[in-house]
Amino acid sequence: MSRTRTPAVSGWFTGEGDCFRLLGTRCSSCATVFFPREDSHCRNPRCTGGALEEVPLSRRGRIWSYTDSRYRPPSPYVSSPELPWEPYALMAVELESERIVVLGQAVPGVTVADLTVGMEVEVVPGVLHEDAETTWTTWHWRPTGVTA
């Protein structure tokens, strides 16, 4: 049986493979870029406001900070207590063009021992959770040059 691929959060990313991109919004008045996206008003306190347009964000950035998650997070995170907990690396990445910081998990197999502040990474499609019918998709960060 084939699982339906469904974004964990609709409208935050699009595409597959090399065409995968996070989606943000940009204010037409002050050019401030937001992620997660903002669809109602400009969050820049110095801006009088303008129309918000969807924009694809940079695919690459540099690690601003990182840590590892060594505990099973509480609900609503989906995690079977029957399975052993697998720690994963979390990264704060400053995007190349936008100069904003976006959080996300590292690709499976990349640990904090593999990371350094300033390392170049790229956004790639990831899987948050799978059940019998659905693969819930998200984004992951992968060091450039790594194919894992």
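These lines cover the structure that appears in this document, whether it is placed above or below. (Residues numbered from 1 in each chain as written. Predicted model: local features only at pLDDT ≥ 70, side-chain atom pairs only at ≥ 80, totals over all residues. Heavy atoms only, no water.)

Thoughts on the overall build of the protein
And then number 1: A count of helices and strands for the protein gives zero helices and ten strands.
And then number 2: Overall, the protein shows an N-to-C arrangement of helices and strands of β-β-β-β-β-β-β-β-β-β.
And then number 3: Dimensions along the principal axes, computed over C-alpha positions, put the protein at roughly 50 × 35 × 30 Å.
And then number 4: Considering the protein as a whole, with its 148 residues, one finds that 35% of them fall into the buried category.
And then number 5: A separation threshold of at least 6 residues defines the contact pool for the protein, and within that pool the share at least 24 residues apart is 54%.
And then number 6: For the protein, the distance from the average position of its 14 positive side-chain charges to the average position of its 18 negative side-chain charges is 5 Å. (Helix = DSSP H or I, 4+ residues; strand = E, 2+ residues; numbered from the N terminus. Buried < 20%, exposed > 50% of the residue type's maximum accessible area, 1.4 Å probe, protein only. Contact = heavy atoms within 4.5 Å. Lys, Arg positive; Asp, Glu negative; His and termini not counted. Charge placed at Lys NZ, Arg CZ, Asp CG, Glu CD.)

Re the packing of aromatic side chains
And then number 1: In total, this model carries six aromatic pairs according to the counting rule given.
And then number 2: Judged by centre distance (6.2 Å) and plane angle (65°), the ring pair of F13 and W139 falls under edge-to-face. One end of the pair, F13, is in strand β2 (residues 13–14); the other, W139, is in strand β10 (residues 134–143), and 126 residues separate them in sequence. For the residue pair F13 and W139, the accessibility class agrees, reading buried in each case.
And then number 3: Site record: aromatic cluster; members linked through ring pairs are W12, F13, F20, F35 and W139. (Phe/Tyr/Trp six-rings, centres within 6.5 Å; stacked < 30°, edge-to-face > 60°.)

Observations concerning the pattern of salt bridges
And then number 1: Scanning the model with the defined rule gives nine salt bridges in all.
And then number 2: Measuring nitrogen to oxygen at the nearest pair gives 3.2 Å for the salt bridge that ties R60 to E120. Taken together, the positions of R60 in strand β6 (residues 60–69) and E120 in strand β9 (residues 120–130) put the pair 60 residues apart, joining distant regions of the chain.
And then number 3: For R60, the salt bridge identified is with E122, shortest N-O distance 3.6 Å. Taken together, the residues R60 in strand β6 and E122 in strand β9 connect sequence positions 62 residues apart.
And then number 4: Given a relative accessible area of 33%, R60 falls into the partly exposed group.
And then number 5: Several salt bridges share partner residues, and in doing so they unite R60, E120, E122 and R142 into one network. (Salt bridge = Lys/Arg side-chain N within 4 Å of Asp/Glu carboxyl O.)

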